[in-house]
Amino acid sequence: MSRLIVVSNRVAPVQEGKPSAGGLAIGVLDALKETGGVWFGWSGEIVGESAAPVVEKNGNVTYATVGLTRRDYDQYYRGFSNATLWPTFHYRNDLSRFDREEYAGYMRVNATLAAKLKTLLQPDDIIWVHDYHMLPFAQELRKIGVTNPIGFFLHIPFPVPEVMRTVPPHEELMTAMCQYDVVGFQTDNDKQSFVDYIERSGRGHSSEDGMLQAFGRMLKVGAYPIGIYPDAIAKAAEQFSGRKQVKSLRDSMRGRKLIMSVDRLDYSKGLVERFQAFERLLLTAPGWHGRVSLVQIAPPTRSDVQTYQRIRQNLEGEAGRINGRFAQLDWTPIQYLNRKYERNLLMALFRLSQVGYVTPLRDGMNLVAKEYVASQDPADPGALVLSQFAGAADQLPGALVVNPFDLSQMSEALERALSMPLAERQARHADMMAPLRENNLSVWRDSFLSDLRSVATASSVTAKTVKTVKQGAATAKRAARA
Ligand code: ADQ
């Protein structure tokens, strides 16, 4: 089987057997081990001068990482990726800015990374590129003569055409995305938005088998919802339930109900609205005073991007205000923890709680929602309150689905979740575990890679046919001349 080359902005620092490794990293690593291959991307380091990739081999997997200069980091990562694409793709045009220099930096870094990867490629490798930092990566590889099959998976939402058009170089970006052989999205809606852009702008058309003819190329577009390994998570949650931190949280609750939320600190996650809906519950249902607490774990990310500093201040302000308004000597309504925790410990905290509260304003998938369900004790599971704007809402039929812009609806859902009878919780939990098992992380990875391999086979057949036809024509010409 051909080698797999994974390209992502960051090469996840996965150490084998280390429980903190995220699900995605584990899934990608499994695939790399199966076929052997390379994981290529930014090392996370800022360097004085761009240099050749640092290559480390572990078994049949090679990690190839490169540093970014300060200018590259500012323009490509902090700038166009996280201050233009991230907010716009999450429908926050109000937070998005466009700067030509940053965009030029984004294109330059993609070109530089492509040239560095090329030195590591073999002719029958297949290449799988991840996420919004790398929209033009295939185009840059094609420019320097790489003909290998290249697939792309977008982890975040893809916006409707009207929103995509607000990114000034939208047409260049769409042309670049169409240089991939397979373009994958989290949901059918995201895929449809991409196809709608192409069709409404008269740049191409799609067929029912998921093929898209656009900008003079033929590519496969599809929805590949990312999954988790639910049984492994259930096991970890159970095993870690005896940990000191879990016991001490349980003791501090003193019989109170616990609502758990875990996110990266990001404005797309709807944290302020979430706190305000909890406040509304305390206002409208005073019977819950002293009987329920919300624990929000949200470690800061991208803290050097200005909008992220603002959300942090805003959230700390809201938590303080709400606690000041309702707290009693022996009860703090909101515990807001601004730090990272070990993954398995989080799963045990999910298992301890009665409600999972996952209400992003927009999210590609949201793995926390899936992890929450998988962590539950099937004999006494917690209920999940989930935003309709998370990709996960399509896949978790037992959740209480809410509109995160409707604070009253969210507070009613919280009350319903807190009071839900055991039989209903069990039935809803079972309804969610079945699809989680059916569409686990390997299904996501295998279905994407199988589509990429089919495209690779089809194009090599086409290439051979073209070659045979060309050779046939040349022979015929020679024969005619003779
Ligand atoms: P994220 O926006 O990072 O991912 P999410 O899908 O929820 O969002 O994944 C976060 C991961 O980090 C989860 O596995 C979670 O357990 C972990 N995590 C969160 N907070 C943590 C904390 N305090 N300590 C330790 N671990 C924590 C992007 C997209 C999503 C998409 C994923 C995968 O934005 O929509 O689901 O990629 O495709």
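Per an unreviewed UniProt entry, the recorded name for the protein is Trehalose-6-phosphate synthase, and the organism is Caballeronia grimmiae. Turning to the protein, the UniProt annotation filed under Sequence similarities (unreviewed entry) states: "Belongs to the glycosyltransferase 20 family." One UniProt comment on the protein, placed under Subunit (unreviewed entry), says "Homotetramer."

Draft legend 1. The arrangement of the overall build of the protein in detail. Across its full length, the protein holds 16 helices and 16 strands. Against the 2.2 N^0.38 benchmark of 23 Å for 482 residues, the protein shows a C-alpha radius of gyration of 24 Å, consistent with a compact globule. On the principal axes, the C-alpha backbone points of the protein span a range of 100 × 45 × 45 Å. Approximately 20,500 Å² of the protein is accessible, and the part contributed by carbon and sulfur atoms is 51%. Where the 58 positive side-chain charges of the protein centre and where its 51 negative ones centre are 4 Å apart.

Draft legend 2. Representation of the nonpolar core. Ile127 and Phe137 are the most contacted members of the largest nonpolar core, which totals 93 residues. Each of domain 1 (4–227 + 441–455) and domain 2 (230–426) gives at least three residues to this core. In this view, phenylalanine 137 contacts Val7, Phe40, Asn110, Leu113, Ala114, Leu117, Val129 and Tyr180; residues no more than four positions away in its chain are not counted. Within the second largest apolar cluster, 59 residues are counted, among which are Trp128, Ile228, Leu258 and Met432.

Draft legend 3. Structural detail: the domain arrangement of the protein. Looking at the assigned domains, one finds that the protein contains domain 1 (4–227 + 441–455) and domain 2 (230–426). For domain 1 versus domain 2, the separation of C-alpha centres amounts to 31 Å. Between domain 1 and domain 2, the contact holds 24 residues from the first and 22 residues from the second. Counting the surface lost from both domain 1 and domain 2, the interface buries some 1,900 Å², and carbon and sulfur atoms represent 59% of this. Inspection of the domain 1/domain 2 interface yields 0 salt bridges. Summed over the shared surface of domain 1 and domain 2, the result is 3 residue pairs in polar contact (both at pLDDT 80 or more). If you tally residues by element for the side of domain 1 that touches domain 2, the top one is helix α2 (residues 70–89), at 6 residues.

Draft legend 4. Molecular detail of the side chain of aspartate 181. Relative to the helices and strands, aspartate 181 resides in the loop between α6 (170–177) and β7 (182–185). Separated by 3.0 Å, the side chains of aspartate 181 and arginine 217 make a polar contact. Residue contacts for aspartate 181: discarding those within four places in its chain leaves Arg142, Asn148, Pro149, Ile150, Arg217, Leu219, Lys220, Leu452 and Val455.

Draft legend 5. Highlighting the packing of helix α10 (residues 271–284) against helix α11 (residues 306–326). Relative orientation of the contacting elements α10 and α11 amounts to 10°, with a least axis distance of 9 Å. Considering the angle they form, α10 stands roughly parallel to α11. Facing Leu271, Val272, Phe275, Gln276, Glu279, Leu282 and Leu283 of α10, the residues of α11 in contact are Ile311, Asn314, Leu315, Glu318, Ala319, Arg321, Ile322, Arg325 and Phe326. Here the contact of α10 with α11 is composed, by residue class, of 10 nonpolar, 2 polar and 4 charged.

Draft legend 6. Looking closely at the sheet that holds strand β15 (residues 383–387). Read across the open sheet, the 6 strands follow the order β13-β12-β11-β14-β15-β16; overall the sheet is parallel. With partners counted over all chains shown, the strands left at the sheet margins are β13 (334–337) and β16 (400–402), one partner each. Geometrically, the sheet is characterised by an average inter-axis angle of 20° between neighbouring strands, direction not taken into account. By the bridge criterion, 3 bridges tie β15 to β16 in an arrangement that is parallel.

Draft legend 7. Highlighting the packing of aromatic side chains. If you walk through the whole model with that rule in mind, you get 23 aromatic pairs. Summarising the aromatic geometry, the rings of tyrosine 76 and tyrosine 106 are spaced 6.1 Å apart at their centres and angled 25° between planes, so their arrangement reads as stacked. Highlighted residues: tyrosine 76 in helix α2 and tyrosine 106 in helix α3 (residues 100–118), separated in sequence by 30 residues. Residue class for tyrosine 76 comes out buried when judged on its relative accessible area of 1%. Here phenylalanine 89 and phenylalanine 158 contribute two aromatic rings whose centre-to-centre distance is 5.5 Å and whose plane-to-plane angle is 70°, an arrangement assigned as edge-to-face. With phenylalanine 89 in helix α2 and phenylalanine 158 in the loop between β6 (150–153) and α5 (161–164), the pair connects residues that are 69 residues apart, well separated along the chain. Put simply, the rings of Tyr76, Phe80, Phe98, Tyr103 and Tyr106 touch in pairs and so form one group of aromatic residues.

Draft legend 8. Examining the sheet that holds β6 more closely. In space, the 10 strands of this open sheet follow the order β3-β4-β2-β1-β5-β6-β7-β10-β9-β8, with mixed pairing throughout. Of all the strands in the sheet, the pair left with one neighbour each is β3 (54–58) and β8 (204–206). Averaged over neighbouring strand pairs, the angle between their axes works out to 20° when direction is ignored. Here strand β9 (residues 211–214) runs beside strand β10 (residues 217–223); their pairing, made up of 4 bridges, is antiparallel.

Draft legend 9. The arrangement of the site of the ligand in detail. Residues in contact with the ligand amount to 22 residues; listed here are only the nearest, His155, Asp363, Met365, Leu367 and Glu371. A distance of 2.7 Å is found between an oxygen atom of the ligand and a side-chain nitrogen or oxygen belonging to histidine 155. For the ligand, a nitrogen atom lies 2.9 Å from a polar atom in the backbone of tyrosine 341. Taken by itself the ligand offers 710 Å² of open surface, and the protein chains cover 86% of this. Counting only elements with at least two residues in the shell around the ligand, the list comes to α12 (343–352) and α13 (367–375).

So, how was this worked out
- Residues numbered from 1 in each chain as written.
- Predicted model: local features only at pLDDT ≥ 70, side-chain atom pairs only at ≥ 80, totals over all residues.
- Heavy atoms only, no water.
- UniProt positions renumbered as here; feature names shortened; annotations may be inferred.
- Helix = DSSP H or I, 4+ residues; strand = E, 2+ residues; numbered from the N terminus.
- Rg over C-alpha atoms; globule rule 2.2 N^0.38 Å.
- Areas by Shrake-Rupley, 256 points an atom, 1.4 Å probe, with all protein chains shown as cover.
- Lys, Arg positive; Asp, Glu negative; His and termini not counted.
- Charge placed at Lys NZ, Arg CZ, Asp CG, Glu CD.
- Core = buried A, V, L, I, M, F, W, Y, C linked by side-chain atoms within 4.5 Å.
- Buried < 20%, exposed > 50% of the residue type's maximum accessible area, 1.4 Å probe, protein only.
- Domains from an automatic or database assignment.
- Contact = heavy atoms within 4.5 Å.
- Buried area = accessible area lost by both parts, 1.4 Å probe.
- Salt bridge = Lys/Arg side-chain N within 4 Å of Asp/Glu carboxyl O.
- Polar contact = N/O pair within 3.5 Å; in protein donor to acceptor, adjacent residues only side chain to side chain.
- Axes fitted to C-alpha atoms, helices over the stretch in contact; angles between N-to-C directions.
- Parallel < 35°, antiparallel > 145°, perpendicular 65-115°, else oblique.
- Nonpolar A, V, L, I, M, F, W, Y, C, P; charged D, E, K, R; others polar.
- Pairing = 2+ DSSP bridges.
- Phe/Tyr/Trp six-rings, centres within 6.5 Å; stacked < 30°, edge-to-face > 60°.
- Near = heavy atom within 4 Å.

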